[in-house]
Amino acid sequence: MKPAAFEYHAPRTLEEALGLLHEHQDEAKVLAGGQSLVPAMNFRLARPSVLVDIAHLPDLDRIEATEPGSVTVGARVRHLDLEHNTIGGPLGSLFALTGRWVGHYPIRVRGTFGGSLAHADPAAEWCALACALDAEIHCRSASGSRSVGAGDFFEQMAFTTCLEPDELLVGVRLPELSDSCGVGMAEFARRWGDFAIVLAVTAVERDGDSIAGARIALGGVAGGPVRASNAEAALAGRPATAGTVAAAAAAAAEEVDPTGDIHGSADYRRDLVRAMVTRALDQALK
Amino acid sequence: MTAGVRWTGRSLRRFEDPALVRGLGRFVADVADRDRGTLHAAFVRSAVPAGEIRSIEAPPGAPVLTSESFPGIRTMCARLDRPDFVALETPVLATDAVRHPGEPVALVVAGSRAEAEDLAEQVVVDIDATRPVLDAAAATDPAAPTVHAGLDMPMGNNVVLDARFSTEGVDAAFDAADEIVTLDIRAHRQNALPIEARGALAAHDPSTGRTTLTAANQMPHMLRTALADILDIGEAELRVVTPEVGGAFGQKMCVPREYVALVAAARLLGATIAWIEDRSENLLASWHSRDHTYRLRGAFTRGGRLLGLDADIVCNIGAYSNYPVTFGVEPLMAMAELPGPYRLSQYRVRSRAVTTNMCPIAPYRGVSRPVLTLAMERLMDTAARRLDLDPVEIRRANLVREFPYAMPTGLPVDPGSYVETLDAAAEALDLEGFRRRQQQAAAEGRYLGVGFSVFGERTGYGTPAFAARAMEITPGYETVQLEMNPSGDVTARIGASPHGQGLATALSQLLADELGVEPRQVSVVHGDTDTTPYGWGTFASRSMVIAGGAAKLAAERLAAQLREIAAHHLEASPADIRLEDNSAVVAGTSVGVTLPEIARIAHHSSHLLPAPIEPGLSVSATYDPGGTFSNACHAAVVEVDPDTGHVRLERFVVIADAGLEVNPMIVEGQIHGGVTQGIANALYEELVTDDDGNLLTASLMDFLPPTACEVPLIEVTHVQTITDASITGAKGVGEGGAIGAPAAVLNAISDALSPLGIEVDEMPATPSRVRELIRRAQSTTTGDRT
């Protein structure tokens with residue numbers, strides 16, 4: 001369990017980092033918090049010959065309201081900073097609710113938001129949150145920059161995104177949620193701090209006693225995070241009752257197509273989808 | 001301290017801990033790091049469970065060693081002298097065949113572990129993979145692949161032990177039964193998972209021709225004997241040292257192939273070579289545990305009295321045996337101890353060991369007892385439900401109350417507190433109050449349950465017990481050498497090999513009481529074959545009983561010498577001399593002499609010693625007892641989430657009887673650790689392989705020990721039944737926690753889900769398994785999938 005040999009770079013500027021990625025392409029990997037990459041290298045499941053450590057790049061560790069109605073989270077903002085609700089409002093609450101499920105405390109101290117998205121574990125909490133809120137993901141390369149919606153960013157294959165080898169995820173823009181929006185998060189894992197078997201992230205817009213609209217993203221049921229759109233449709237315009245929630249949860253369990261693994265069969269995951277969607281919606285509607 | 005205060009029975013803080021908690025403990029990897037010039041080894045392992053080795057190709061000139069590098073080396077083979085046993089030989093490195101995933105095929109050496117791993121990747125082992133057999137039941141099919149082709153298997157394909165026992169009236173007991181309960185118990189594969197994986201450092205000294213193996217190990221003397229036998233050299237050429245060991249639980253008891261290869265390589269290369277096992281290797285190919293199935297039939301009267309028991313036990317022992325205890329320990333212990341503390345006269349059992357293309361099995365905390373206790377305790381609860389009896393009531397009707405008692409297999413059970421601990425557990429939980437709470441919860445759609453587990457733990461057994469298993473290598477006794485040095489301090493050299501249990505502290509307490517010194521004045525030397533008497537090490541809940549007994553006997557001899565010298569010096573009778581407060585005083589007077597003064601005389605003025613006392617103060621004693629049963633009742637309260645199958649442990653109560661507790665805090669620590677491993681067994685840890693034999697739980701992301709978040713407060717209450725089966729009065733307590741906990745947890749889950757008619761007989765009871773049982777039950781009752 002020792003990594004294969006590699007070259008290590010610690011660039012001081014974004015341009016320098018992008019230059020290294022451009023130079024080494026597929027051979028290079030970006031090192032942020034190292035909470036997934038380093039274990040993978042120790043197992044020799046990942047064997048990059050070049051590591052580009054972005055720990056010293058300026059500006060990527062900020063949470064900023066760059067434009068009205070949205071918040072941009074820098075790539076190397078730590079999990080813990082988001083868990084501590086530095087954003088405020090329903091969006092901040094959702095970050096705080098979700099953040100506490102990310103790994104264990106020491107992992108949250110080092111691991112980064114951007115790193116989690118770029119790593120794209122199908123059961124990662126932040127990926128589901130980004131998917132639920134249609135986050136916009138900012139990518140930079142030596143030749144330019146682009147923004148990609150979360151729906152296009154995550155490929156439906158585990159650990160796969162649309163990032164090109166020479167691209168760096170620099171930040172993520174998320175919409176502010178209105179004050180009438182309730183948020184919820186439910187996750188099932190075998191132990192506290194483990195990757196989810198199934199998780200659900202919800203944001204529900206209330207209109208008095210009924211539901212104006214809802215966002216539901218699921219983790220652990222496909223190659224990447226997915227939206228439960230039938231379940232969302234089953235909520236829109238309906239009264240905020242237990243019956244509505246049950247119908248939406250049943251719709252979510254119906255529309256996913258999970259595969260089984262050692263922690264649970266496909267049927268088991270469907271059962272968990274129903275349970276987690278119910279719990280996350282209950283929380284959002286509380 | 002005041003005169004007459006006893007150290008025994010006090011929760012003295014452990015002398016071992018200050019170094020450990022400050023990071024000063026020296027484990028084998030620390031020792032390896034200290035020596036400059038240490039080379040590091042990595043093993044090239046089989047990627048497939050079964051096959052013929054066609055070729056092994058290494059980069060030219062690379063230090064790659066295979067079985068051909070060690071022509072004189074013997075296979076490893078320990079035997080049981082019984083007609084129903086087939087001995088399996090283990091080559092140190094695979095020769096022409098591989099028989100389990102991760103089997104060591106070659107050893108490479110480099111300047112660092114990382115470079116050794118680089119080199120290991122470049123070794124190409126060409127294996128003609130053959131169809132493996134992974135499951136014990138499948139392996140006995142005559143059409144199944146034969147794991148050890150060419151070996152005579154008269155008892156059936158891959159059957160390497162087929163033991164039977166029966167009393168005469170079993171069928172009559174079943175004929176007379178009002179209710180016959182049949183159960184199928186399945187305990188999946190586990191890894192003992194010590195925090196420190198295995199590791200060793202072999203240093204060959206060309207100037208003396210001696211090789212020192214510093215190793216994470218529980219049996220240093222046995223390891224030295226094994227190395228000498230396998231390498232065909234004299235034991236004087238070897239020294240085995242065990243530094244701090246980071247948990248063992250049985251996994252560091254049996255001789256690893258890797259250690260033998262490492263010593264052979266160090267001798268061949270005249271080098272110092274370390275092998276520090278990583279977690280992946282450890283999970284894949286150290287030693288596995290459990291993997292038992294029991295089919296159990298119990299014959300009961302309407303009142304819940306157990307009339308007869310019929311069991312068919314199958315143990316998947318993997319590809320090879322282990323050294324020195326052999327795979328026989330799994331089925332034979334299960335068969336001998338299954339009836340447990342329940343009065344039973346009619347018992348029939350068949351117990352088999354089956355070899356497969358899985359990693360070999362070695363003892364793990366409790367060995368067969370966590371599973372046999374699960375089997376008996378599930379039988380009791382299932383019968384109680386059928387007969388509409390309370391789980392406490394059915395146990396009370398059957399538990400042994402009069403001693404001495406002999407199990408139907410003839411195994412003697414010394415006095416214990418089986419009924420008393422059960423009653424105390426029911427009271428601690430307020431069982432009636434719990435039942436009311438359970439009903440209220442049920443009305444809210446919540447599933448609460450309680451489960452009990454009563455068991456005896458056979459501990460501190462010496463040579464006679466092991467001899468009953470017909471072991472060629474028969475462990476059992478322990479020797480303690482005791483010396484008082486000229487300053488009056490005491491050194492105890494022991495053959496036992498503690499590795500975290502706090503034995504040095506406990507022995508110091510015991511010796512302090514016998515000799516009239518303070519515990520701090522006693523140093524316990526262990527884990528070095530050059531400086532300790534031959535002994536069997538630390539395993540099987542034996543050290544406090546056996547090494548403690550030997551220490552007591554040695555102390556009595558030393559005390560007699562001290563009294564003799566003091567009496568001569570004070571012109572009194574030895575019978576009147578009391579040893580206390582570092583002095584020898586004439587009883588009822590203030591006349592005395594200090595122990596340091598006596599020690600000075602013994603060592604430095606030996607011409608003043610009365611005849612026939614020899615100079616120095618050095619004695620030795622050996623203890624070899626028949627064994628003693630400690631006992632306990634565990635009780636768990638759980639809540640099952642019907643939507644996810646998750647089991648939350650609300651309470652865990654242990655009423656434990658370990659006889660005389662030399663240090664109650666250490667006893668509790670043993671129980672806490674054991675219960676945690678029992679909870680792991682019940683709910684979390686499972687080694688899973690796919691149909692091709694690939695291990696799917698090859699890291700701690702998928703093999704899941706419970707953490708502090710999952711384990712509740714463990715509430716321990718102490719009961720002490722003193723018997724004369726142990727000369728100190730102490731009973732062993734090292735394994736009980738792990739033995740009792742799984743049954744308590746599975747009984748509690750079954751109790752919680754009893755409204756759905758669910759009985760949980762498979763462990764670990766993972767959320768997906770529990771949810772599957774609930775789904776099936778719900779679809780039966782509602783007629784559709786919920």
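All of the points below concern the structure found in this document.

What counts, and where the lines are drawn
- Residues numbered from 1 in each chain as written.
- Chains lettered and ligands numbered in written order.
- Predicted model: local features only at pLDDT ≥ 70, side-chain atom pairs only at ≥ 80, totals over all residues.
- Heavy atoms only, no water.
- Helix = DSSP H or I, 4+ residues; strand = E, 2+ residues; numbered from the N terminus.
- Rg over C-alpha atoms; globule rule 2.2 N^0.38 Å.
- Buried < 20%, exposed > 50% of the residue type's maximum accessible area, 1.4 Å probe, protein only.
- Contact = heavy atoms within 4.5 Å.
- Buried area = accessible area lost by both parts, 1.4 Å probe.
- Salt bridge = Lys/Arg side-chain N within 4 Å of Asp/Glu carboxyl O.
- Polar contact = N/O pair within 3.5 Å; in protein donor to acceptor, adjacent residues only side chain to side chain.
- Nonpolar A, V, L, I, M, F, W, Y, C, P; charged D, E, K, R; others polar.
- Core = buried A, V, L, I, M, F, W, Y, C linked by side-chain atoms within 4.5 Å.
- Phe/Tyr/Trp six-rings, centres within 6.5 Å; stacked < 30°, edge-to-face > 60°.
- Lys NZ or Arg CZ within 6 Å of the ring centre and 35° of its normal.
- Axes fitted to C-alpha atoms, helices over the stretch in contact; angles between N-to-C directions.
- Parallel < 35°, antiparallel > 145°, perpendicular 65-115°, else oblique.

## A closer look at the overall build of chain B
Here's step 1: Each helix and strand in chain B was counted, giving 20 helices and 29 strands.
Here's step 2: Relative to a compact globule of 786 residues, whose C-alpha radius of gyration would be 28 Å, chain B shows 28 Å and is just as compact.
Here's step 3: Dimensions along the principal axes, computed over C-alpha positions, put chain B at roughly 95 × 75 × 50 Å.
Here's step 4: Out of the 786 residues belonging to chain B, those deemed buried represent 62%.

## Side note on the interface of chain A and chain B
Here's step 1: Listed per partner, the contact involves 25 residues of chain A and 35 residues of chain B.
Here's step 2: Both faces combined, the contact of chain A with chain B buries some 2400 Å², and carbon together with sulfur accounts for 53% of it.
Here's step 3: One can count 8 salt bridges joining chain A with chain B.
Here's step 4: The tally of links from chain A across to chain B stands at 19 residue pairs in polar contact (both at pLDDT 80 or more).
Here's step 5: Among the elements that make up the side of chain A that touches chain B, the one with the highest residue count is helix H11 (residues 266-285) of chain A (9 residues).
Here's step 6: Split by residue class, the side of chain A that touches chain B holds 12 nonpolar, 2 polar and 11 charged.

## A closer look at the nonpolar core
All names here are of chain B.
Here's step 1: Membership of the largest hydrophobic core comes to 168 residues, with the highest contact counts inside it found for Leu213, Leu338, Phe452, Val640, Phe652, Leu683 and Ile749.
Here's step 2: Apart from the residues within four sequence positions on either side, Leu213 is in contact with Ala200, Leu201, Ala202, Leu223, Leu227, Arg239, Val240, Val241, Tyr259, Leu262 and Val263.
Here's step 3: Formed by 53 residues, the second largest nonpolar core is a distinct cluster that contains Ala492, Ile494, Leu511 and Ile565.

## Some points on the packing of aromatic side chains
Here's step 1: Taken as a whole and judged by the stated rule, the model has 14 aromatic pairs over all chains.
Here's step 2: Centroid distance Phe43 of chain B to Trp275 of chain B: 5.4 Å. Interplanar angle 90°. Geometry classified as edge-to-face. With a gap of 232 residues between them, Phe43 of chain B in strand S1 (residues 39-45) and Trp275 of chain B in strand S12 (residues 272-276) connect regions that are remote in the sequence.
Here's step 3: Residue Trp275 of chain B is classed as buried on the basis of its relative accessible area, which comes to 0%.
Here's step 4: An angle of 85° between the planes, with centres 6.2 Å apart, marks the rings of Tyr534 of chain B and Trp536 of chain B as edge-to-face.
Here's step 5: Relative accessible area serves as the criterion here: at 28%, Tyr534 of chain B is assigned to the partly exposed category.
Here's step 6: Among the aromatic side chains, those forming a connected cluster through ring pairs are Phe95, Phe113 and Trp126 of chain A.
Here's step 7: A cation over an aromatic ring shows up here: Arg257 of chain B above the ring of Tyr320 of chain B, its NZ or CZ 4.9 Å from the ring centre.
Here's step 8: Against the face of Phe174 of chain B rests Arg297 of chain B, its NZ or CZ located 4.3 Å from the ring centre.

## Points about the environment of Ala144 of chain B
Residue and element names in this part refer to chain B.
Here's step 1: Tracing the chain through its elements places Ala144 in the loop between helix H4 (136-139) and strand S7 (159-166).
Here's step 2: Spatially, the C-alpha atom of Ala144 lies 8.6 Å from that of Pro132, the residues being 12 residues apart in sequence.
Here's step 3: Ignoring sequence-local partners within four residues, the contact set of Ala144 consists of Val133, Ala138, Ala139 and Asn157.

## Things to note about the packing of helix H11 (residues 391-398) of chain B against helix H12 (residues 418-429) of chain B
Residues and elements named next belong to chain B.
Here's step 1: Axis separation between H11 and H12 bottoms out at 10 Å; the angle between their running directions is 170°. Taken as axis vectors, H11 and H12 run roughly antiparallel relative to one another. Within the contact between the two elements, H11 uses Val392, Arg395 and Arg396 and H12 uses Val419, Leu422, Asp423 and Ala426.
Here's step 2: Split into classes, the residues belonging to the contact of H11 with H12 amount to 4 nonpolar, no polar and 3 charged.

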